[in-house]
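# Summary of the model geometry
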Amino acid sequence: MENQFDAIVIGSGISGGWAAKELCEKGLKTLVLERGRDVRHIKDYPTMTMNPWDFEHRGRMTKAFYQENPLITKAAGYGEDTAHFFIKDADHPYVQEKPFDWIRGYQVGGKSLIWGRACQRWSEYEFKAPEKYGYGIEWPINYNDIAPWYSHVEKFIGVCGNKDGIEAMPDGEFLPPFELNCVEEHMQATLKEHFPGRYLVQGRWAHLSKPEQVHLDQGRGKCQCRNLCMRGCPFGGYFSSNSSTLPWAEKTGNLTIRPFSVVHSIIYDEASGKASGVKVIDTNTKEEIVYNARIIFVNASALNSNLILLNSKSERFPNGLGNDHDLLGRYVSFHNYRAGAGGAIKGFEDHYYYGSRPSECIIANYRNLKEQDTDFVGGYTIFTGAYRNRAEEVPEDAPQLGADFKHRLSKPGDWRIYMYMQGETIPKPSNRVYLSEDKTDDWGIPLLVTDVGYDENDEKMVADFLEESQKMLEQMGCADLYSYDSKQAPGLDIHEMGGVRMGIDPKTSLLNEFNQMHQCKNVFVTDGACMTSTGNQSPSILYMALTARAANYAAEQFKNNVL
Ligand SMILES: Cc1cc2nc3c(=O)[nH]c(=O)nc-3n(C[C@H](O)[C@H](O)[C@H](O)COP(=O)(O)OP(=O)(O)OC[C@H]3O[C@@H](n4cnc5c(N)ncnc54)[C@H](O)[C@@H]3O)c2cc1C
């Protein structure tokens, strides 16, 4: 294999797939380095069409497995049907200075195979709020800079949703939305009547509700509403790198993917003041290999990108690449997912719904938009929906087959409503990751130490959500109300961000407006590590838009011989 490429992309997940697609389309010979195994669309989805009874443990793992993997088995959607797309705890240790549940999927496609697919755009409020209310630095871009790139991404991956005209959650280039059920329509109407400024709408999801030509050209088809997405979809009904960006990049003839290649560090060339390539360790043979390129995209997912950069030490950068001011690894943040609420609602017993809709509704953020109207900063999105329970659970000692069994299983029970929050958190220098001084992994790479926790602002936001959700549920007519604060550790939200933040001033940030390292211009960081603040929307579509924007900029600079 040749060791010289035009561009190297580290990581093949959601953001790396986009970097590969854009760079290859622009004609750059691109090497994607992926630490995990190869996963090919359809061929490597072993559980995609299995029935519940086909699983040895009916979808669960064994007790011994849970005991050996207490961390990863907490992940949303983890089960016997999806376990092969998550890591095992013992294989990839890290050090938790404070509790932090680091959820990872190491394979070609990364977490794009197992993500939840929520795809709301950030609003201008989210870009402006940190500086306006004094809890962060100014973003070097605003909504208008990124809006065309959101469109670019939405059209290609296919995002379904309704054009709702909500300022806090801008509309995009949507395929038709999934329908609301009758109780969700009632919830929507109640909010409209009694809570001005609060909007319940169908979420925006990376699903092909009605594929267009560009999706058919990718070999993808209509979402079948099976809601078995995290097993890998044989229809290509939801977006993953494996079904979409990577095969598209491959078709250009410019892509090389090298699985089983853990990037150890980026090599800095003192003479040119640029990175010359990356040092890789083959995860099977442990052989060290150097690949060179004029452009390097770092897309190993937020915390792994921090790790690689911290480990990229040179005479010029003894504390990690670009880290002149001890900023690298600091201002790590996440989404606050701690609280939820719900209840039962009567009056809709003669209604039901069809299919397993793979989506949820959203109540768009209504806090601290035009002004700070609470005793905390930031906002929260609420994911919500209504569903029907079974009328009765069949006891384990009753016959588990026959007409009576089937009848009891299929009798619909109460309608219930649920809500849970996705809250913005404040990036702080004390929330950080750094390298262990004495512990290394199987490949000799220092372990990452996570020192990330909640603060008073998070507590106040949780309290506000709990109070407001009860008010909304009561007004909707719910009984049997419940609420909880899970106190779950950060990380389980799986929206880790920051550590290599974008900014205008090189003294307070590591990346410029095109995600280019201020101090090493041919290195671009476009995954969650680049986030200046967290906003309250699901973040991955912003990573994709930022990546596409940066990759086009990089390709132009490459062609003009600036890089
Ligand atoms: C259950 C679940 C639900 C989620 N739901 C949503 C949602 O609804 N909406 C949303 O916006 N986000 C969601 N997310 C988060 C989303 O998956 C991530 O934000 C997204 O995948 C990040 O993209 P990425 O490219 O940064 O990282 P990844 O997709 O994780 O890809 C990173 C890749 O880099 C590889 N890698 C890591 N280190 C190295 C190294 N040293 N060398 C080489 N390769 C390396 C990894 O193996 C991986 O393949 C969810 C995640 C999970 C797990």
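Everything in this summary refers to the structure shown in the same document. (Residues numbered from 1 in each chain as written. Predicted model: local features only at pLDDT ≥ 70, side-chain atom pairs only at ≥ 80, totals over all residues. Heavy atoms only, no water.)

## Concerning the nonpolar core
Core analysis: the largest hydrophobic core is formed by 101 residues, its most contacted members being Ile-157, Ile-266 and Val-278. When residues no more than four places from it in sequence are discounted, the contact partners of Ile-157 are Trp-18, Cys-119, Ala-206, Leu-208, His-215, Arg-220, Phe-239, Ile-541 and Met-544. If you look at the next biggest cluster of nonpolar residues, it comprises 29 residues, including Phe-376, Trp-415, Ile-417 and Met-461. (Core = buried A, V, L, I, M, F, W, Y, C linked by side-chain atoms within 4.5 Å. Buried < 20%, exposed > 50% of the residue type's maximum accessible area, 1.4 Å probe, protein only. Contact = heavy atoms within 4.5 Å.)

## Quick notes on the state of the cysteines
Per the counting criterion, the structure on display carries zero disulfides. Between Cys-361, a cysteine without a disulfide, and Cys-182, which holds the nearest cysteine sulfur, the sulfur-to-sulfur distance is 12 Å. Given a relative accessible area of 0%, Cys-361 falls into the buried group. There is no disulfide at Cys-478, and the cysteine sulfur nearest it, in Cys-182, is 13 Å away. Assessed through its relative accessible area of 10%, Cys-478 is described here as buried. (Disulfide = S-S within 2.5 Å.)

## So, the pairing of strand β10 (residues 288–298)
Here strand β1 (residues 4–10) runs beside β10; their pairing, made up of six bridges, is parallel. Across the sheet, the residue bridging to Ala-7 is Ile-295, located in β10. Inspection of the sheet shows strand β9 (residues 274–282) paired to β10 by five bridges, in the antiparallel sense. In the strand pairing of β10, Lys-279 is matched with Val-290. Note that β10 and strand β21 (residues 520–525) share three bridges and pair parallel. Counterpart to Ile-296 in the pairing with β21 is Val-523. (Pairing = 2+ DSSP bridges. Helix = DSSP H or I, 4+ residues; strand = E, 2+ residues; numbered from the N terminus.)

## Here we look at helix α10 (residues 456–476)
Its 21 residues place the ends of α10 30 Å apart at the C-alpha level, agreeing with the 30 Å of an ideal helix rising 1.5 Å per residue. Those residues of α10 not exposed but buried are Asn-457, Asp-458, Met-461, Val-462, Asp-464, Phe-465, Glu-468, Ser-469, Gln-470, Met-472, Leu-473 and Met-476. Next to the buried residues of α10 lie α5 (182–194), β12 (339–345), β13 (361–363), β14 (380–390), β15 (412–423) and β18 (478–485). Sitting at the head of α10, Asp-455 places a side-chain oxygen 3.0 Å from the backbone nitrogen of Asn-457. Where α10 ends, the next residue or the one after it, Gly-477, has phi of about 100°, a positive value. (Expected span 1.5 Å × (residues − 1). Polar contact = N/O pair within 3.5 Å; in protein donor to acceptor, adjacent residues only side chain to side chain.)

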